[in-house]
Amino acid sequence: MDFKQLEAYVQVIEHASFSKAAEAIFMSQPSVSTYITALEKELATTLISRSTKEVAPTHAGKLFYENAKELLALKHNTVERIKNLTGNYVGEINILASSVPAQYMLPEILADFTNMHPGITFVVKQADTHEVSRGIAEQKADIGFTGGIVANNKCEFIELMTEHMVVIASPNMGFVDTSKYALEPLIYKHRFISREKGSGTRAQYESFFTEQNIDIANIKSCLCFDNTQSIINAVASGLGISIVSEYAARAFIERKMIIPLQLKTPLPKRTFYYVLKKNFAHSHLIDMLVEFLKKNTLY
């Protein structure tokens with residue numbers, strides 16, 4: 001068994017195709033097939049169920065896939081550690097992040113980090129909290145950032161920072177930012193702009209609504225967006241009110257594009273986390289980033 005066989009197997013599973021896997025790793029399709037056959041012979045089991053409709057891992061193949069990914073990651077991390085012994089750190093970190101961290105927190109965090117380590121680059125992809133968790137568990141990214149915790153025994157969620165959520169409205173809607181409002185009539189009376197299902201922000205404020213005996217079914221939701229920026233723009237345009245991250249809304253509040261509404265019963269604090277795969281040999285670049293996160297929080 002060698003690393004080329006492992007790489008070929010992982011690519012076949014991830015692309016669900018021998019031909020696409022061959023293209024991804026610049027091999028011929030017969031070579032990829034030969035590698036997989038050799039693996040199955042060595043392990044004395046079938047790893048891939050082959051049919052005319054799809055290529056999918058068997059039960060043994062699913063277990064082997066996870067271990068193969070870890071072995072390839074360990075190889076990559078070991079090579080990078082040796083290369084970077086001089087202290088001139090280079091490499092790429094892949095990040096999955098929910099909307100608030102991706103749009104508002106990571107630009108500041110990564111700017112500070114890259115000032116210290118200019119040879120390290122980042123690829124950031126946005127997803128909802130559940131997708132971030134799944135992606136980290138399946139090693140589709142090196143580290144994740146979310147605004148909530150979801151049940152996934154393959155991931156660990158480490159606290160990054162806390163903040164308050166805030167109810168926002170247009171300055172033209174007649175609200176006074178120094179007054180205090182009861183949440184229930186506020187939510188029932190005005191059109192509400194919501195986040196999509198799977199959003200950490202939505203999960204947090206809906207949980208709070210339930211605690212306050214607010215019937216979610218009676219809320220007049222006029223729009224649903226999958227990102228905070230669109231919600232802020234919609235509120236600023238007078239389409240309704242919403243609840244968003246105070247961190248995300250701060251610049252728009254300062255420019256008086258929106259106003260924060262004070263509540264008689266304040267919204268709860270919200271915690272943001274970085275997410276890592278459990279029991280996994282992370283690269284030294286991730287170790288460096290995690291150490292930086294521990295020493296440098298935004299609040």
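Residue numbering note: each chain is counted from 1, following its sequence as written. For a predicted model such as this one, the threshold for reporting local features is a pLDDT of at least 70, and the threshold for listing and counting side-chain atom pairs is 80 or more; totals across whole chains, interfaces and linings nevertheless cover every residue. Here the side-chain values reflect all heavy atoms present in the structure, with hydrogen atoms and water set aside.

Enquirer: Can you explain helix α8 (residues 200-211)? Please cite residues and give values.
Expert: Because an α-helix packs 3.6 residues into every turn, residues spaced three or four apart end up facing the same way. Counting from the N terminus, the helices are the DSSP runs of H or I reaching at least four residues and the strands are the DSSP runs of E reaching at least two. Every helix has an expected span of 1.5 Å times one less than the residues it contains. Look at α8: 17 Å from first C-alpha to last across twelve residues, which is about the 16 Å you get at 1.5 Å a residue. The buried label goes to any residue with under 20% of its type's maximum accessible area, the exposed label to any with over 50%, and the partly exposed label to all in between, with areas taken from a 1.4 Å probe on protein chains only. The complete set of buried residues in α8 reads G200, T201, R202, Y205, F208 and F209. Under this definition, polar contacts are N or O atom pairs within 3.5 Å; protein pairs additionally need one hydrogen-donor-capable and one acceptor-capable atom, and for neighbouring residues in sequence, both atoms have to be side-chain atoms. N-cap assignment for α8: the residue whose side-chain oxygen lies 3.1 Å from the backbone N of T201 is S199. Immediately downstream of α8, the backbone of N213 shows phi near 60°, a positive value.

Enquirer: How would you summarise the packing of helix α1 (residues 3-15) against helix α3 (residues 29-43) if you had to cite specific residues and measurements?
Expert: Packing of α1 against α3 leaves a shortest axis separation of 9 Å and a crossing angle of 105°. The angle between the axes of α1 and α3 places the two elements in the roughly perpendicular class. Judged by residue contacts, K4, Q5, A8, Y9 and V12 of α1 engage V32, Y35, I36, A38, L39 and E42 from α3. As a rule, the C-alpha atoms of each element are fitted with a line to give its axis, helices using only the stretch in contact, and angles between N-to-C directions run from 0 to 180 degrees. For classification, angles of less than 35 degrees are called roughly parallel, those exceeding 145 degrees roughly antiparallel, those between 65 and 115 degrees roughly perpendicular, and all remaining angles oblique. By definition, residues are in contact when any of their heavy atoms lie within 4.5 Å.

Enquirer: Could you give me a rundown of the state of the cysteines, with the residues and numbers involved?
Expert: A pair of sulfur atoms, both from cysteines and within 2.5 Å, is called a disulfide here. Counted according to the given criterion, the structure contains zero disulfides. Between C222, a cysteine without a disulfide, and C224, which holds the nearest cysteine sulfur, the sulfur-to-sulfur distance is 10 Å. Relative accessible area serves as the criterion here: at 34%, C222 is assigned to the partly exposed category.

Enquirer: If you had to explain the nonpolar core to someone new, which residues and values would you point to?
Expert: Think of a nonpolar core as a cluster: buried Ala, Val, Leu, Ile, Met, Phe, Trp, Tyr and Cys residues, connected wherever their side-chain atoms sit within 4.5 Å. Counting 41 residues, the largest nonpolar core has I93, I95, I143 and F145 as the members making the most contacts within it. Those residues within four positions of F145 in sequence are excluded, and the remaining contacts are I95, L96, A97, S98, P101, L106, V132, L160, Y273, Y274, V275 and L293. Within the second largest apolar cluster, 20 residues are counted, among which are F192, Y205, F208 and I214.

Enquirer: Explain the side chain of E40 to me, and be specific about the residues and the numbers.
Expert: Tracing the backbone shows E40 in helix α3. Excluding residues that lie within four positions of it along the chain, E40 makes contacts with T45, T46, L47, I48 and R50.

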